[in-house]
Each structure stands twice: as C-alpha cells, then as structure tokens.
Amino acid sequence: MAEPTILIIGAGTFGTSTAYHLSQRYKDPSRVTTIDRAPSPPEPSAAIDTNRIIRTDYANPLYCDLACEAIHDWFWKLELGEYFHKVGWLMLDEVGSDRADKIRTTLESRGSTQTQDVDLDGLVKRWECLEGTQTKGFEKAYFNPEAGWCEAAAATKSIMDAAVKRGVQRVTASVKELLLDESGKGVRGIRTDDGKEFVADKVILAAGAWTSSLLSPIEDQLNIGEADRIERQVRATGAVSAYYKMSDAEINRIETSRMPVSVYGQVGEVVPPSHKLPYLRYCNGQGTFTNTVSTKSGAKISVPPSDQSQYAVPEGLKQETEEAITSKLMPSFTKAKRPDYWRICWDAVTPTDDWLMCKHPHPSLSNLFLAVGGSFHSYKFLPIAGKFMSNILEDKSNGVEKDKTWRWKEDAVWKNHQGNSALSRELRDLDSRTMGVSARTHSKL
Ligand SMILES: Cc1cc2nc3c(=O)[nH]c(=O)nc-3n(C[C@H](O)[C@H](O)[C@H](O)COP(=O)(O)OP(=O)(O)OC[C@H]3O[C@@H](n4cnc5c(N)ncnc54)[C@H](O)[C@@H]3O)c2cc1C
C-alpha cells in the first residue's frame, strides 16, 4: 500500500524536525511536502536567530531527559555539529528561588552531573567579561559546562536541506486557509494566498505562533465552542531581544574569558557573539506579551501582528529591557551604547509549557495533527521532536508519560505566576514608559 501523503504547514522547529524524521522513515519521501511562506531558513520563524541556547538544564525530568538525548545530536550529528558552540551555561538564581537547586537535583538524579557551584563574588575572577555585572538580588549561581549555543538559522536550514536531499518537497507559499473534506471527516488540504491547492492524506499544523490564525476560521465553520478551540491550548506570545554588534577586539575579549551563556535569573539571558555572528544577544525573558485580535466571527485570538515588522519594537519595551538586563549584565559591553537592532520573536505558549503534539480531537478534523507549543524553550529539540510526531502520525504511542503530557487538554487552565487566570500584557500597550507588570515569566530558554 502506498504511504500516506503528508503536508506539513510551517518549516520552523517542529515542521523541519518532522520533515527530517519522515524523510528517514518514508520509502518515498516525495510523498511528504513542507510548506512555509518563506524559504529556508524561514525569516519570521522562532527557529531562526543569531543564536539559540542548547542546554540540558531542566527541573522537569521529562524535558531534561529529552534535552540530554537532543544534545547528543548537537554534538555528533553531521548536519548540526559545526553550528553548536559548547561554551557552558552560567545561571544566577534570585534570593528565595529554588530553581537552580531543582535543576541540579534533576540532573543528579540521572546518575551524574557536571554542574559546579559558582561563587557570586568570584564571577569576574573566573569570567573577566562579566565585569560590572550587578549581583544584588541574587544569592547563588552554578555553571554547567555541557551546554552552549547554536547558530539557529544555519542549523534549521541544514536539517531541512537534509530532508529535501532525501526527497521531501519544500514549497514556499503562504497558507491562506485549511480546506474541509466534503466527507465531513477531515481536512482535504490547504489553499495558498495565490490560490493554489495542496491536498494530502494527513495535514500537520506546525505553524508556531500563527496556529490560532490558521485554525480559527475552520473552528468557526464547525461551530466549535470557545472551550474547545486552539486558543485554549496555545497562545501566540512575544519576547524581545536586543542585539549589540561587537568589534573584533570585544569578541576577542569575550572569547579569551570563555564567556558562557549567562542566565540572569528570571529576568533573561545573554548569549555570546562569535566572529561569524558578531552580536551579543540579550533576551528579556520576563517581559512577554500577546497581541489579541477579534476575528470576523467575534472570536478573540492571539497572533503576531501582520502589519508590523518583527524588528519594529515599541520604545517602552526597549527601555524596560535596558533597565532590566542590558545595563546590569556585562554592562562594560553595553554602556553608553544602544543596541544595533531589536527583534520581537513570537512563540506559541501553552499553559504548562508542554508541547501540544497530537491528533486534533474533533471528529471532523480526524486527519489534522498539531505540532506546536514550543513555549520559548523548544528549539533545542530540533534534532528529535519530529521522531515523536512521526510516531503519532503512524498511530504509535510515545509512551504513557509523553502521550499524556502532549495531548489536547480539555482541562487547560491559563494562570499567571501569581496563580490568577490572566493574560499577559498586550503589545499595543507597550509604547509608553508606564507599562504594567508582566503576567508571565519566560526566562527558561
Ligand atoms: C525570543 C525567543 C528566544 C528563544 N530562545 C530559545 C533558546 O535559546 N533555546 C531554545 O531551545 N528555544 C528557544 N526559543 C523557543 C523556540 O525558538 C521555539 O519554541 C520554536 O522555534 C517553536 O517552533 P515552531 O515550529 O512551533 O514555530 P516556528 O519555529 O516559529 O515555526 C513556525 C513556522 O510556520 C510558518 N507559518 C506560519 N503561518 C504560516 C502560513 N500561514 N503559511 C505558511 N507558513 C506559515 C512560519 O513562517 C514559521 O516558519 C526561543 C523563542 C523565542 C521567541
């Protein structure tokens, strides 16, 4: 029997990984098509950036195990090795926080850990480039030499190129809508902005932060109530990064002092530059936000703004980021400078930060699958996430724990870190200096 045709919408982290794994499983990989509105590596995606952090440091044992599996590929996979920079991960932990302890306990419970205590007063002695870093409000720190950062855009392209080499079809086009099957049992395929139709036996929605915008019209057509809509499962959420271009001399200083990826507690982090990618990238992990719009049917969905470049960042958000992190962490590289550019990057966030990787539960969408919910921490799983999606497509279990964790959750509840059900801030409110406090924190990249 012929293998089922598969259409993957989105060639970011989940879409690329799935295409890669299917290309290895399929006898005829040309039956798999990946469509994205931009060529590889796709510009609007969260899977492209000057860098992404690759680490095994998770308090949650499931993702710690997965990250340990993935990091092996970052070291050894032919398609990835050259893009991975093993500089280690330094984490400062706030007074009263048990996050670092929990992470180290989880690593230790796997049998061994390379993590080391770091004396906050001795930071600069060990890493000269951290000169001037403010440690007020922090009480401890640790270092894990196993982690690092990767050249995200190049790595994503490399994995997609490998899938295409094996026969997967990669189409560049913007998907306008999903098309319902006349039988009423599933989707037939998709229509693109330029009117072309693509049909497939199975369709995977791997559209990241754009998931709600693609699913909500079909939810309207099927009269799906609010409680059963995708918006209850994932929300498009933005985070801002500041990029400072470093001179050759500054990069030499950073490399000589062996700068690790440096995590500033819950506030955010800074990732080292290289001579190839000469930007010191700070991420404001605390000040996340949404962009909620009303659809024609009156449904409220979260979606990255279509009329605003990712590189146009409100002044209030810039000031917040400079005050919270760039002026405090490695300030000798940012003092008296403005970033060379800024970017708002969007991800699909779930209430528990777990993936949503499953078949859609609605009987009229029985051949529609979801691979989404990166929740600001899932790029590192690029080498392995598609393996699990491929099992789901074949109706195979990924094991009780993963099936349960990645299922569609009828009981999904949105809570902020104070325990109130609340949305995060709205992008449109962030232009002034009088901005509210973030409802959710996402410093766990
Ligand atoms: C600021 C920031 C920093 C992060 N840092 C880290 C980190 O250091 N380490 C880490 O592990 N993770 C990190 N992450 C998380 C990680 O990047 C994401 O979790 C992951 O990329 C999500 O993958 P995805 O496939 O769901 O979405 P994406 O990678 O965004 O891919 C979605 C794709 O769908 C395409 N698409 C959407 N709609 C359409 C349409 N209508 N037609 C055609 N194509 C469409 C888009 O073009 C895009 O390419 C970070 C995320 C952000 C935002």
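Residues numbered from 1 in each chain as written. Predicted model: local features only at pLDDT ≥ 70, side-chain atom pairs only at ≥ 80, totals over all residues.

An unreviewed UniProt entry annotates the chain as FAD/NAD(P)-binding domain-containing protein originating from Polyplosphaeria fusca. Its UniProt record, at the heading Sequence similarities (unreviewed entry), says of the chain: "Belongs to the MSOX/MTOX family." Reading the Cofactor (unreviewed entry) entry of the UniProt record for the chain gives the comment "FAD". (UniProt positions renumbered as here; feature names shortened; annotations may be inferred.)

### As for the site of the ligand
Not every one of the 40 residues close to the ligand is listed here, only the nearest: G10, G12, S45, G208 and G374. When contributions to the shell around the ligand are tallied by element, the ones reaching two or more residues are α1 (13-25), β2 (32-36), β3 (52-54), β14 (235-245) and β20 (341-349). The class makeup of the residues in the shell around the ligand is 24 nonpolar, 11 polar and five charged. (Near = placed C-beta within 6 Å. Helix = DSSP H or I, 4+ residues; strand = E, 2+ residues; numbered from the N terminus. Nonpolar A, V, L, I, M, F, W, Y, C, P; charged D, E, K, R; others polar.)

### Considerations on the packing of α1 against helix α5 (residues 152-165)
The axes of two packed helices give the description: the angle between them and the distance between them. For the pair α1 and α5, interaxial distance at closest approach is 8 Å and the crossing angle is 30°. In terms of orientation, α1 and α5 fall into the roughly parallel class. Relative to α5, the crossing made by α1 is left-handed. The residues of α5 that touch α1, namely those facing T16, S17, A19, Y20 and S23, are T156, I159, M160, A162 and A163. Split into classes, the residues belonging to the contact of α1 with α5 amount to six nonpolar, four polar and no charged. (Axes fitted to C-alpha atoms, helices over the stretch in contact; angles between N-to-C directions. Parallel < 35°, antiparallel > 145°, perpendicular 65-115°, else oblique. Left-handed = near helix turned anticlockwise from the far one by under 90°. Contact = placed C-beta atoms within 7 Å.)

### Examining the sheet that holds strand β4 (residues 84-85)
Read across the sheet, three strands follow the order β3-β8-β4 without closing on themselves; strand pairing throughout is antiparallel. Strands with a single pairing partner mark the edges of an open sheet, and in this sheet they are β3 and β4. Looking at chain direction, β4 and strand β8 (residues 148-150) are connected through two bridges and run antiparallel. If you follow F84 over to β8, its bridge partner there is C150. (Pairing = 2+ DSSP bridges.)

### Description of the sheet that holds strand β21 (residues 356-359)
In space, the six strands of this open sheet follow the order β9-β2-β1-β13-β22-β21, with mixed pairing throughout. With partners counted over all chains shown, the strands left at the sheet margins are β9 (169-172) and β21, one partner each. On average, each strand axis in the sheet is tilted by 20° relative to the strand beside it, whichever way the strands run. Sheet topology places β21 next to strand β22 (residues 368-372); four bridges connect them, and they run antiparallel. Opposite K359, over in β22, you have F369 as the bridge partner.

### What about helix α3 (residues 99-109)?
Among all positions in α3, only A100, I103, T106 and L107 are buried. The buried residues of α3 occupy one face: seen down the axis, they fall within an arc of 130°. In α3, those exposed residues whose orientation departs by more than 90 degrees from the buried face are E108 and S109. Contact partners of the buried residues in α3: α2 (61-76), β5 (89-94) and β7 (138-144). Immediately beyond the C-terminal end of α3, within one or two residues, lies G111, with a positive phi of roughly 125°. (Buried ≥ 20, exposed ≤ 12 C-beta atoms within 10 Å, placed from the backbone. Arc of directions from axis to C-beta.)

### Notes on the UniProt feature "domain: FAD dependent oxidoreductase" (unreviewed entry) in the chain
As recorded in UniProt, the sites labelled "domain: FAD dependent oxidoreductase" (unreviewed entry) are residues 6-390. Structurally, residues 6-390 is divided into 25% helix and 29% strand, and its ends, taken at the C-alpha atoms, are 11 Å apart.

### Comments concerning the confidence of the model for the chain
Chain-level pLDDT for the chain is 94 on average; 95% of the residues reach the 70-or-more range. Per-residue pLDDT stays below 50 along residues 417-422; that stretch engages in eight contacts with residues further than four places along the chain or on separate chains. This model gives residues 436-443 a pLDDT under 50, and the stretch forms 30 contacts once residues within four places in sequence are excluded. (pLDDT = per-residue confidence, 0-100.)

### What about the packing of α1 against helix α9 (residues 385-393)?
Interhelical geometry of α1 versus α9 gives an angle of 65° and a closest axis separation of 7 Å. Put simply, α1 runs roughly perpendicular to α9. The hand of the α1/α9 crossing is right-handed. Contacts between α1 and α9 involve T13, F14, S17, T18, A19, Y20, H21, L22 and R25 from the first element and A385, G386, K387, M389 and S390 from the second. Of the residues contributing to the contact of α1 with α9, the split by class is six nonpolar, six polar and two charged.

### Overview of the pairing of β20
For β20, the buried fraction is high: eight of the nine residues fall into the buried class. In terms of strand pairing, β14 meets β20 through nine bridges, oriented antiparallel. The partner of Y243 across the bridge, within β20, is Y341.

### Brief notes about α2
Between its first and last C-alpha, α2 extends 23 Å over 16 residues, near the 22 Å set by a 1.5 Å rise per residue. Y63, L66, A67, A70, I71, D73 and W74 are the residues of α2 that are buried. One face of α2 carries all of its buried residues, which in axial projection span an arc of 155°. Among the structural elements, β3, β4 and β8 are those in contact with the buried residues of α2. (Expected span 1.5 Å × (residues − 1).)

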